[in-house]
Amino acid sequence: MLADPGTLERSDLVAAPASGTRTVRIGLAGLGNVGQAVARLAPEAARLATAAVRFRVAGALVRDVSRQRRCPLPPRVTTNPEAFLRGHYDVVIETFGAIEPARTIVARLLGRGIPVVTANKSLVAAHGAELVALAARRGTTLRYEASALAGVPFLGALGERPYVAEVARFVAVVNGTSNFILSTIAREQCSFADALARAEQLGLTEPDASRDLDGLDAADKLALLASLFGWGSAAPADVEVRGIRELGADDLAAARQLGGTIKPVVWASRTEAGIDAFVGPAFVELHHPLAALAGALSGIQFSGRYVTDLFFSGPGAGPDITAATILDDAVEAVSSTRRFAKPIRKAAPRLALTAPETEWLVRVRFPGVAPDETAAHTLFAGVGLAVTGANDTQGAVRWLRIARTPRARLTGALRQLLHTHRVDCYAIRSLR
Ligand SMILES: NC(=O)c1ccc[n+]([C@@H]2O[C@H](COP(=O)([O-])OP(=O)(O)OC[C@H]3O[C@@H](n4cnc5c(N)ncnc54)[C@H](OP(=O)(O)O)[C@@H]3O)[C@@H](O)[C@H]2O)c1
């Protein structure tokens, strides 16, 4: 038979499996950073005695067959979805990225009873519940551990204990690039621009860094987590989102003086009406587990009806850790004991999002020399804000800790201070 012009055929050189080891045929939808890492790691998986599987990558679907790949090439690489779907697979790994055509291809595979593993955050956030339901109807499974904090595999742990670990609130660092920048500024007292340049040198930034720096990637992940925890669908555009661009070495030094640090945080709590949530830089005290997440690490702490402050951390992303998480999912997907992924449960309504009432850390630039702490307390009390702590004065600038206040009231009070006393303020949230 003649090969499709968009298809590359190679002889299958994979040797017969060792006895007692099952051979699992993988279809790779996508052979980019993550897909190639899967193709590189898959041949090694047989040495894991506990996995008892041997992977054979049987085919791949890509956009451009002529592109150079940094992995062993599968015997069949095609640009033709129909040719790809005709392959015989025990599990298909989807690493395309966007919603379409991933959604159509995944739905067709699940519809045929073929298990699918995906790393696609957009797909799971938008269509996870409907695809999980389709998989269940067809007696198969969709696994998506790598879609949310790929290097922090916590969903499997929750899925094993869905009642005990019912999640009611979480706080997390989900954007490794932002965390790297703030950690570097804190450690080296360098400027924001220098820390960003370092992140770029290390390849930690996307071509469009604003998704990381302005909190947009974190807002997407917050919506994904809300969906994965079975809360419902949250629109990232409805979340209060702040970026990290306004922070510098003096701010991190002031936070340190106040017994904490500043981390790029997503925070969410389930309520009767929807969720309270925000995304942005936040002051965390040094004993908080998020404070210890150095470099580009990610982490999530969650609590529920029965558990409090469960904490998972690890590298946020990266092709190899993502591929390892995907292969673990693939083993589970083809094993008969764990058929259904948790904790997505059912399609849930659109959630109403509210900005929570928290404590605050406010950088205050006074028009002359900063007043002493008592005078600052009096000034802020005059606009209804209770100061609970302050760092040492740095010329005209001082950071003040403010007691719990709704954002609207804080914003109004700070605007009043600017108007009446020419006091210029920048506020971030503060977590206990
Ligand atoms: N990179 C990470 O560290 C990481 C970590 C966790 C999760 N993820 C998620 O994993 C997914 C993949 O990320 P990545 O970095 O591997 O992306 P990538 O390098 O852009 O790879 C995407 C792959 O999908 C193929 N593809 C995309 N659209 C296609 C289409 N319409 N038809 C055929 N092939 C198509 C591309 O083909 P060509 O190669 O021919 O262009 C490419 O091989 C994303 O959902 C991402 O969010 C990534």
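Up top is the structure these notes are about.
The present account deals with the structure reproduced in this document.

**With respect to the environment of leucine 228**
By secondary structure assignment, the location of leucine 228 is in helix α9 (residues 216-228). Distance from leucine 228 to valine 124, taken between C-alpha atoms, is 8.3 Å for residues 104 residues apart in sequence.

**Some thoughts on the pattern of salt bridges**
Under the definition given, this model contains 21 salt bridges. With a closest N to O distance of 2.9 Å, glutamate 82 and arginine 108 form a salt bridge. In this pair, glutamate 82 is assigned in helix α2 (residues 81-85) and arginine 108 in helix α3 (residues 102-111), connecting sequence segments 26 residues apart. A relative accessible area of 38% means that glutamate 82 is categorised as partly exposed. For arginine 350, the salt bridge identified is with aspartate 238, shortest N-O distance 3.8 Å. Highlighted residues: arginine 350 in the loop between α11 (319-334) and β14 (352-354) and aspartate 238 in the loop between α9 and β9 (240-241), separated in sequence by 112 residues. Residue arginine 350 is classed as exposed on the basis of its relative accessible area of 59%. One network of salt bridges, in which partners are shared, links Glu285, Glu359, Arg401 and Arg432.

**Some thoughts on the site of the ligand**
In the vicinity of the ligand, 23 residues are found, and the nearest of them are Leu31, Val34, Asp64, Arg67 and Arg69. Backbone polar atom of glycine 32 to an oxygen atom of the ligand: 2.9 Å apart, as the coordinates give it. In this structure, an oxygen atom belonging to the ligand sits 2.5 Å away from a side-chain N or O atom of arginine 67. Contact with the protein chains removes 77% of the 900 Å² of surface that the ligand exposes when unbound. Elements represented by at least two residues in the shell around the ligand include exactly α1 (33-41) and α11. Broken down by class, the residue content of the shell around the ligand amounts to eleven nonpolar, eight polar and four charged.

**As for the pairing of strand β11 (residues 274-285)**
With eleven of its twelve residues buried, β11 lies for the most part within the structure. Pairing geometry for β9 and β11, over two bridges, is parallel. Pairing of valine 241 across the sheet is with valine 279, part of β11. Between strand β10 (residues 260-270) and β11, which pair antiparallel one after the other, the connecting turn spans three residues. Relative to β14, β11 is paired through three bridges, and the arrangement is parallel. Residue pairing in the sheet places isoleucine 275 in a bridge with leucine 353 of β14. Both β11 and strand β18 (residues 424-431) contribute to a ladder of three bridges, which runs parallel. When the sheet's bridge partners are listed, alanine 282 is paired in β18 with arginine 429.

**Considerations on the environment of glutamate 357**
Examined against the element boundaries, glutamate 357 turns out to sit in the loop between β14 and β15 (358-365). Judged by relative accessible area, glutamate 357 falls into the partly exposed class, the value being 38%. Considered as a pair, glutamate 357 and aspartate 276 are 81 residues apart in the sequence and their alpha carbons are 8.8 Å apart. Not counting residues within four places of it along the chain, the set of residues in contact with glutamate 357 comprises Arg404, Thr405, Pro406 and Arg429.

**Looking at the packing of aromatic side chains**
Applying the stated criterion to the full structure yields eleven aromatic pairs. Each ring, one from phenylalanine 229 and one from tryptophan 231, has its centre 6.1 Å from the other, and the planes form 55°; the classification is tilted. For the pair phenylalanine 229 and tryptophan 231, a shared accessibility class is recorded, and that class is buried. Judged by centre distance (5.9 Å) and plane angle (20°), the ring pair of tryptophan 267 and phenylalanine 278 falls under stacked. Separated by eleven residues along the polypeptide, tryptophan 267 in strand β10 and phenylalanine 278 in strand β11 bring together distant segments of the chain. Aromatic rings pair up to connect Phe154, Phe170, Phe229, Trp231, Phe302 and Phe312 into one cluster. Between the NZ or CZ atom of arginine 429 and the centre of the ring of phenylalanine 278, over which it lies, the distance is 5.0 Å.

What counts and how
- Residues numbered from 1 in each chain as written.
- Predicted model: local features only at pLDDT ≥ 70, side-chain atom pairs only at ≥ 80, totals over all residues.
- Heavy atoms only, no water.
- Helix = DSSP H or I, 4+ residues; strand = E, 2+ residues; numbered from the N terminus.
- Salt bridge = Lys/Arg side-chain N within 4 Å of Asp/Glu carboxyl O.
- Buried < 20%, exposed > 50% of the residue type's maximum accessible area, 1.4 Å probe, protein only.
- Near = heavy atom within 4 Å.
- Polar contact = N/O pair within 3.5 Å; in protein donor to acceptor, adjacent residues only side chain to side chain.
- Areas by Shrake-Rupley, 256 points an atom, 1.4 Å probe, with all protein chains shown as cover.
- Nonpolar A, V, L, I, M, F, W, Y, C, P; charged D, E, K, R; others polar.
- Pairing = 2+ DSSP bridges.
- Contact = heavy atoms within 4.5 Å.
- Phe/Tyr/Trp six-rings, centres within 6.5 Å; stacked < 30°, edge-to-face > 60°.
- Lys NZ or Arg CZ within 6 Å of the ring centre and 35° of its normal.

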